[in-house]
Amino acid sequence: MSKILHISQADGGVAVYLQMLLKHLNKDSVSNSLICAQQFVSEDFKPLVEKFYQIEMTREISPVKDCKAILRLRRLIKEINPDVVYCHSSKAGALGRIAVFGLGKKIVYNAHGWAFNMKCSKSEILLYKWVEKILAWFTDSIVCISDFEKLSALKNGVGSEKKLQVIYNGVDVRQIELNIEKSLLTRDSLQIPRDAFVVGMVGRISKQKAPDSFVKMAKKVKDSIPNAYFMIVGDGDERKEIESLIQENNLQSSFYITGWVSNPNEYLALLDVGVLLSRWEGFGYALVEYMAAKKPVVATKVDAIPNLIEHGENGLLVEVEDYDSAAEQVIKLFSDSELCDKLKENGYISASERFTIERVAREHEKLFLSL
């Protein structure tokens, strides 16, 4: 049996992914332990692992806190004595790989989206690239969550062809279906008109997910579809700005922001269309959730998203920042039921055949065995 120690700092989508992976790894061949940041919900992970620890790991760079985290991680790695240390996300990838240096453990790393592909300053991008390049030398296998992520790594000199392995993200399709079936949420309970055409976005209210483009698109859609209604399932550091933008466009009575929710899947049943207008995206987890819930998709043609969505087949694609075209595609779905049904059917096939968490778990088991 392989003893795997997972280390993760990032919550949100990474935590959801990690929870599903731990649930579906074969317990007869893999023994899992987890060291995670303090914001993780312990009840979600303790039943899934042999050993569970929470330590302070900050997203921001902090020399003092980061050194303390590295020392704490190193002590716990020695105590747990795993065969493989698996680091999830950029910050945990840096801290974990430094902490395990010289301990003779196999190291697997999954960035869950390269930090150097974010829209940030040139100096930050350069720093992220050099950190990834250096640490790749001390990593046995680097998991890329899409073909785009692997190509991006090779282009930027991070790792070698031999070290880079693509394991596409996945979702628990059946669990999403069950969550929708069991959900007590209704349009009435959220004061959404029953006859509304609901367009939704699931994701952080942050620069990456382009909630401002979503609101601008909403205005265009509302002008053409009077009974259109809009929902953002999530929260984030740009919420106040987005609420101001909603008011500026006089959309207050047709807009609902859930804030952070423990199970965003429950809201999928309320949507007529799922939208993701990301400015950069290593995978696009929400898109697979939309497809698993049989919702037609409108998304930006950026980074890894075209690896998931084929325009006109299982979704519709637009250019980044082109909220006019996004509105046109949403309006097209409102008026073209045949196209809508086609995207729903093909999207569900994509989710249930290509992007399942069961496949993700089996491919990880093969990886661990090969190490």
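Refer to the preceding data block for the structure.
All values derive from a computational prediction rather than experimental measurement. Starting afresh in each chain, residues are numbered from 1 along the sequence in its written order. Only residues with pLDDT of at least 70 get local features here, since the model is predicted, and only at 80 or more are side-chain atom pairs given and counted; chain-wide, interface and lining totals rely on the full set of residues. By convention in this description, side-chain values take in all heavy atoms of the structure and omit both hydrogens and water.

## Looking at the overall build of the chain
Okay, step 1: Only DSSP runs of H or I reaching four residues or more are called helices, and only runs of E reaching two or more are called strands; each is numbered from the N terminus. Scanning the chain from terminus to terminus reveals 14 helices and 13 strands.
Okay, step 2: Values of the radius of gyration come from C-alpha atoms, whereas the globule rule sets the reference at 2.2 Å times the count of residues to the power 0.38. Whereas a compact globule of 371 residues would reach a radius of gyration of roughly 21 Å, the chain reaches 21 Å, a difference of no more than 12%.
Okay, step 3: Each principal axis of the C-alpha atoms in the chain carries an extent, and together these give about 65 × 45 × 35 Å.
Okay, step 4: By definition in these notes, contact holds between two residues if any of their heavy atoms fall within 4.5 Å. For the chain, the share of sequence-separated contacts (at least 6 apart) that also reach a separation of at least 24 residues comes to 68%.
Okay, step 5: A total of about 16,600 Å² of accessible surface is found on the chain, and carbon and sulfur atoms cover 51% of it.
Okay, step 6: Computed over 48 positive and 49 negative side-chain charges, the separation of the two mean positions in the chain equals 7 Å. Under the convention used here, a 1.4 Å probe and the Shrake-Rupley method define accessible areas, while residue burial counts only the protein chains that appear. In this count, Lys and Arg are taken as positive residues and Asp and Glu as negative ones, while His and the chain termini are left out. The location of each charge is read from NZ of Lys, CZ of Arg, CG of Asp or CD of Glu.

## Notes on helix α7 (residues 173-182)
Okay, step 1: Only protein chains enter the accessibility calculation, which uses a 1.4 Å probe; a residue is then buried when its area is under 20% of its type maximum, exposed when over 50%, and partly exposed in between. What α7 keeps buried is the set Val173, Ile176, Glu177 and Asn179. Each buried residue of α7 lies within a common arc of 160 degrees when the element is viewed along its axis, so the set occupies one face. Counted as exposed and oriented over 90 degrees from the buried face of α7: Glu181 and Lys182. The arc in question is the one traced by the directions running from the helix axis out to the C-beta atoms.

## Re the side chain of Gln9
Okay, step 1: Turning to its location among the elements, Gln9 is positioned in the loop between β1 (2-8) and α1 (13-24).
Okay, step 2: With sequence-adjacent residues up to four places away left out, Gln9 is seen in contact with Ala37, Gln39, Phe40, Met57, Thr58, Arg59, His88, Ser89, Lys91 and Ala92.

## Describing a negative patch on the surface
Okay, step 1: A cluster of acidic side chains, namely Asp336, Glu338, Asp341 and Glu345, defines a negative patch on the protein surface.
Okay, step 2: By the secondary structure assignment, Asp341 is in helix α13 (residues 337-353).
Okay, step 3: Its relative accessible area of 45% is what places Asp341 among the partly exposed residues. Patches in this entry comprise residues that are over 30% relatively accessible and not in a salt bridge; like charges within 9 Å are linked, as are nonpolar side chains (Val, Leu, Ile, Met, Phe, Trp, Tyr) within 5 Å. Take a side-chain nitrogen of Lys or Arg and a carboxyl oxygen of Asp or Glu: if they are within 4 Å of each other, that pair is a salt bridge.

## Details of the sheet that holds strand β2 (residues 30-37)
Okay, step 1: Between any two strands, at least two bridges found by DSSP are needed for them to pair. Taken together, 7 strands build an open sheet; the order of strands is β3-β2-β1-β4-β5-β6-β7 and the sheet is parallel. Only two strands of the sheet have a single neighbouring strand rather than two, namely β3 (51-55) and β7 (164-166). Geometrically, the sheet is characterised by an average inter-axis angle of 20 degrees between neighbouring strands, direction not taken into account.
Okay, step 2: Here 5 bridges tie β2 to β3, and the two strands are oriented parallel to one another. Bridge assignment links Ser33 to a residue of β3, and that residue is Lys51.
Okay, step 3: Angles run from 0 to 180 degrees between N-to-C directions of axes, and those axes are lines fitted to C-alpha atoms, restricted for helices to the stretch in contact. Its contacts with the sheet put α1 on β1, β2, β4 (84-88) and β5 (106-110), and the angle it makes with β4 is roughly 145 degrees.
Okay, step 4: Running at roughly 170 degrees to β3, helix α3 (residues 63-80) makes contact with β1, β2, β3 and β4 of the sheet.

## A look at the side chain of Lys91
Okay, step 1: Structurally, the position occupied by Lys91 is in helix α4 (residues 90-99).
Okay, step 2: A distance of 2.7 Å separates a polar atom in the side chain of Lys91 from the backbone oxygen of Glu60.
Okay, step 3: The contacts of Lys91, once residues within four sequence positions are left out, are Gln9, Thr58, Arg59, Glu60, Ile61 and Asp66. Polar contact is defined as a pair of N or O atoms within 3.5 Å, subject to the rule that within protein one atom must be able to donate a hydrogen and the other to accept it, and that residues adjacent in sequence are counted only when both atoms are side-chain atoms.

## Concerning the packing of helix α8 (residues 211-224) against helix α12 (residues 323-335)
Okay, step 1: At a closest axis distance of 8 Å, the pairing of α8 and α12 adopts a crossing angle of 45 degrees. As summarised for this structure, α8 and α12 are arranged oblique, according to the angle between their axes. With respect to the hand of their crossing, α8 and α12 are arranged in right-handed fashion. For the pair formed by α8 and α12, the contact residues are Ser213, Lys216, Met217, Lys220, Val221 and Ser224 on the first element and Tyr323, Asp324, Ala326, Ala327, Val330 and Ile331 on the second. Angular relationships are summarised with four words: roughly parallel below 35 degrees, roughly antiparallel beyond 145, roughly perpendicular across 65 to 115, and oblique for the angles in between. Handedness of each helix crossing follows the sense of rotation of the near helix against the far helix: counterclockwise by less than a right angle gives left-handed, clockwise gives right-handed.

## Structural notes on unusual backbone geometry
Okay, step 1: Here Ser89, not a glycine, exhibits a phi torsion of approximately 85 degrees, which is positive.
Okay, step 2: Here Ser89 is to be found in the loop between β4 and α4.
Okay, step 3: Here the phi dihedral of Ala210 falls at roughly 55 degrees; this positive angle occurs in a residue that is not glycine.
Okay, step 4: Under the relative-accessibility criterion, Ala210 is labelled buried at 1%.

## Considering the pairing of strand β12 (residues 297-300)
Okay, step 1: Here β12 shows a buried face lined by Val297 and Ala299 and a second buried face lined by Val298 and Thr300.
Okay, step 2: In this structure, strand β11 (residues 273-276) lies alongside β12, joined through 3 bridges in parallel fashion. In the sheet register, Gly274 faces β12, and the bridge partner there is Val297.
Okay, step 3: As a crossover connection, the stretch from β11 through helix α10 (residues 285-292) into β12 is right-handed.
Okay, step 4: Sheet topology places β12 next to strand β13 (residues 316-318); 3 bridges connect them, and they run parallel. By the bridge assignment for β13, Ala299 is matched with Leu317. The path from the first strand over the helix to the second decides the hand: if it runs clockwise while the strands point away from the viewer, the crossover is right-handed.

## Details of the environment of Ser31
Okay, step 1: If you trace the backbone, Ser31 turns up in strand β2.
Okay, step 2: In sequence terms Ser31 and Ile232 are 201 residues apart; their C-alpha atoms lie 37 Å from each other.

## Some thoughts on the environment of Ala327
Okay, step 1: Within the secondary structure, Ala327 is located in helix α12.
Okay, step 2: Linking Ala327 and Lys216, residues 111 residues apart in sequence, is a C-alpha distance of 8.7 Å.
Okay, step 3: Apart from residues no more than four positions distant in its own chain, Ala327 is found in contact with Met217, Lys220 and Val221.

Note that every value here comes from positions in space, so none of it alone points to a role or purpose.
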